[in-house]
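One-letter residues, chain by chain:
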Amino acid sequence: MELSGARVLVAGATGVLGGAITAELAGRGARVALAGRDPGRLAHAAQACPGAPTVRFDAYDPESCARAVRDTTAALGGLDAVVVAFGAVAFGAAEEVGDEVAEHLTAVNHLAPAAFFRAALTILRPGSAIAAVTGVVAERPQPRMADYSASKAALSAWLDAVRREARNNGVAVLDIRPGHLDTGFARRPVAGTAPPLPRGGDPRRLAGAVADALEADAELLRSGPDGTPVVERRAR
């Protein structure tokens, strides 16, 4: 993918990681659109990208996710990529996490991203891409994070299956699996308290790797043993 001039929707652009990805893509010449839930934060994020379209969505409302894709396509005159960088986390033993929390995690971390991508796949043309942040828990589920890990693993599995479908249409599917990042995400759980965590990685560094991966039509972006982002052309 040639990022210069590419029309890219970043869902979750109001977050730390989403904002870093938006800035990196814009810095490489992409025409970005920002999607977020909170209108105040969305307006603030838009100040860093003058002229960029903004769209609102609610992760509990799949139709609003699809509408965000359609509205962005109309505003930009087309669409070349959708990057999903939002999510929710909860901590606690499996028997402590209530069904409502588990449902919330599934809706936000799996069903909402899938709604964005389902809408995008009807629009994207050869040479386009979809990408989502699933995290290392998608492949290495963690104790006291069972429902969070499961929701991210579900999205990762969905991406893996869709990748095989989309290859025939020339659409790349990127699974982004970083380790812990210094975004404050773990300090805002919907339930429970985060365990002691190591120092998080730099979200701006990951954002640069995400842009590299999109340009390389890569299928997987993971963290190496030392936390360095590693771009892999083919997912394992």
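Notes on the structure follow.

Conventions adopted
- Residues numbered from 1 in each chain as written.
- Predicted model: local features only at pLDDT ≥ 70, side-chain atom pairs only at ≥ 80, totals over all residues.
- Heavy atoms only, no water.
- Helix = DSSP H or I, 4+ residues; strand = E, 2+ residues; numbered from the N terminus.
- Expected span 1.5 Å × (residues − 1).
- Contact = heavy atoms within 4.5 Å.
- Polar contact = N/O pair within 3.5 Å; in protein donor to acceptor, adjacent residues only side chain to side chain.
- Pairing = 2+ DSSP bridges.
- Axes fitted to C-alpha atoms, helices over the stretch in contact; angles between N-to-C directions.
- Buried < 20%, exposed > 50% of the residue type's maximum accessible area, 1.4 Å probe, protein only.
- Right-handed = clockwise from strand over helix to strand, strands pointing away.
- Salt bridge = Lys/Arg side-chain N within 4 Å of Asp/Glu carboxyl O.

Our next topic: helix 6 (residues 203-215). When the terminal C-alpha atoms of helix 6 are compared, their 18 Å separation across 13 residues agrees well with the 18 Å that a helix rising 1.5 Å per residue should span. In the core, the buried residues of helix 6 are packed alongside helix 1 (16-27), strand 4 (81-84), strand 5 (129-133), strand 6 (172-177), strand 7 (220-223) and strand 8 (229-232). Looking at where helix 6 begins, the residue whose side-chain oxygen comes 2.9 Å from the main-chain nitrogen of Arg204 is Asp202. Downstream of helix 6 by one or two residues, Asp217 has phi in the positive range, about 55 degrees.

A separate point is the sheet that holds strand 6. Spatially, 8 strands are ordered 3-2-1-4-5-6-7-8 in an open sheet, and the strand pairing comes out mixed. Where the open sheet ends on each side, the last strands, each with one partner, are strand 3 (54-56) and strand 8. For this sheet the average axis-to-axis angle between neighbouring strands, irrespective of direction, equals 15 degrees. Where strand 2 (residues 31-36) meets strand 3, 3 bridges bridge the pair, whose relative direction is parallel. For Gly36, the partnering residue across the bridge sits in strand 3 and is Arg56. Its contacts with the sheet put helix 4 (residues 99-121) on strand 1 (7-11), strand 4 and strand 5, and the angle it makes with strand 4 is roughly 180 degrees.

Attention shifts here to the pairing of strand 5. Burial analysis of strand 5 places 5 of its 5 residues in the buried class, the great majority of the element. Of the two faces of strand 5, the one lined by Ala129, Ala131 and Val133 and the one lined by Ile130 and Ala132 are each fully buried. Here 4 bridges tie strand 4 to strand 5, and the two strands are oriented parallel to one another. Looking at the pairing, Ala81 lines up with Ala129 of strand 5. The parallel pair strand 4 and strand 5 is bridged by helix 4, and the resulting crossover is right-handed. With 5 bridges joining them, strand 5 and strand 6 adopt parallel strand pairing. Within the sheet, the bridge partner assigned to Ile130 lies in strand 6 and is Val173. The parallel pair strand 5 and strand 6, bridged by helix 5 (residues 146-166), forms a crossover whose chirality is right-handed.

All told, the structure shown has 16 salt bridges when counted by the stated rule. A salt bridge links Arg177 to Glu139; the nearest nitrogen and oxygen atoms lie 2.7 Å apart. Here the residue Arg177 occupies a position in strand 6, and Glu139 occupies one in the loop between strand 5 and helix 5, the gap between them amounting to 38 residues. Arg167 is paired through a salt bridge with Glu219; the nearest N and O atoms lie 2.9 Å apart. Of this pair, Arg167 sits in the loop between helix 5 and strand 6 while Glu219 sits in the loop between helix 6 and strand 7, placing them 52 residues apart in sequence. The exposure class of Glu219 is buried, given its relative accessible area of 5%.

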